[in-house]
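Observations on the three-dimensional arrangement
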Amino acid sequence: MATTEKALRESIVAAAARLAEAGFGVASAGDISARLSDSILITPNGAPYATLHPQTLAEMPLAGEYGAWKGPTKPAGEWRIHLEIARARTDVGAVVRFQSPYATALAMAQKSIPAAHPLIALFSAAEIRCAKYAPMGGKELAQLALEALGAGHAALLGNYGALTTGGTIQAALARAFELETLARLYACALSVGRPRILSDEEVFRIVERLKTSGGDIEARVEALGVGTALAMKAKTKRAARAPTKAKRIARKGKT
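Residues numbered from 1 in each chain as written. Predicted model: local features only at pLDDT ≥ 70, side-chain atom pairs only at ≥ 80, totals over all residues. Heavy atoms only, no water.

**Here we look at the sheet that holds strand β7 (residues 130-131)**
So the rule is basically this: A strand pair is defined by DSSP finding two or more bridges across the two strands. Only DSSP runs of H or I with at least four residues qualify as helices, and only runs of E with at least two residues qualify as strands; both kinds are numbered from the N terminus onward. Here a residue-residue contact requires only that any non-hydrogen atoms of the pair lie within 4.5 Å. Only the stretch in contact is used when a helix axis is fitted, and all axes are lines through C-alpha atoms; the angle between N-to-C directions ranges over 0 to 180 degrees.
On the basis of which strands lie adjacent, the open sheet formed by seven strands has the order β3-β2-β1-β4-β9-β8-β7 and mixed pairing. Both outer strands of the open sheet, β3 (58-61) and β7, are each paired with one neighbouring strand and no more. Contacts from helix α2 (residues 79-88) reach β1 (31-36), β2 (39-42), β3, β4 (94-98), β8 (154-157) and β9 (161-166) within the one sheet, and its direction differs from that of β2 by about 145 degrees. The strands that helix α4 (residues 139-149) touches are β7, β8 and β9; relative to β8, the one it contacts most, it runs at about 140 degrees.

Structure below.
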């Protein structure tokens, strides 16, 4: 898990690469943020995930002037969603917005995901609500997203896509993959009949059982290899930059 600003920046860049590899959308279809003390680090506006670097992330304060930022590139167009969630939910350390196929398809139909499968307990909610449609990039959409998220860790954005949250970037990313699995299962269930819905009481019993049985979201981080994958990607990026630096030094020595 990221323990320094440098590590956090590298984790965000690695998470973006993992989303792109999974087919969960390019930079214009999603964005990632993570809490850094009294601010958030967020992916820049429109920057291709493949060329993203830790230094290109924007930093936005949680207090003070709304929308203020610093960095080489302005923050993602949906920065309001990230900022509103970070301000309202102190338990949230990271937000991942994406457009995976099944989750986005349900969002296009403005269908919430009910508790038709125990997997929903990974989001600490008895329903993953779909927010009403609102124009992209506006505060109305951010407020609707926050309302749909509630006290849980996932929401669908009407006619747009989805988002997941977590205490860490690894947990938020793991939930993104789990949400797409849940969305796919629900879409398949709808095609064969009307799914039976678990009661709210049963869902929260499952939440507690997962905590005590080692099957909660942190266990999923390890099972999906998210934490290891992000660490390896960050290490690979650092290694890839090292020869370039060495060549510069060598060239400098010849002059």
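That was the structure; now back to the text.
**A closer look at unusual backbone geometry**
We note that Ser-37 has phi near 55 degrees; this positive angle belongs to a residue other than glycine. On the secondary structure map, Ser-37 appears in the loop between β1 and β2.

**Remarks on helix α3 (residues 101-108)**
This is how the line gets drawn: Working definition: with a 1.4 Å probe on protein chains only, accessible area under 20% of the residue-type maximum means buried, over 50% means exposed, and in between means partly exposed. By definition, the arc is the one covered by directions from the helix axis to the C-beta atoms.
Within the sequence span of α3, burial applies to Ala-103, Thr-104, Leu-106 and Ala-107. Seen from one end, α3 has its buried residues packed into an arc of 160 degrees, which puts them on one side. Every exposed residue of α3 that faces more than 90 degrees away from the buried side is listed here: Pro-101 and Met-108. On its buried side, α3 packs onto β5 (113-114), β7, β8, β9 and α5 (169-192). Backbone geometry just after α3 places Gln-110 at a positive phi near 50 degrees.

**Side note on the pairing of β2**
Consecutive side chains along a regular strand alternate between the two faces of the sheet. What you see with β2 is no split at all: Ser-39 and Leu-41 on one side and Ile-40 and Ile-42 on the other are buried throughout. In this structure, β1 lies alongside β2, joined through four bridges in antiparallel fashion. The partner of Leu-36 across the bridge, within β2, is Ser-39. Between the antiparallel neighbours β1 and β2 lie two residues, among them Ser-37 with a positive phi of about 55 degrees. Relative to β3, β2 runs antiparallel, the two sharing four bridges. Considered in β3, the bridge of Ser-39 is made with Pro-61.

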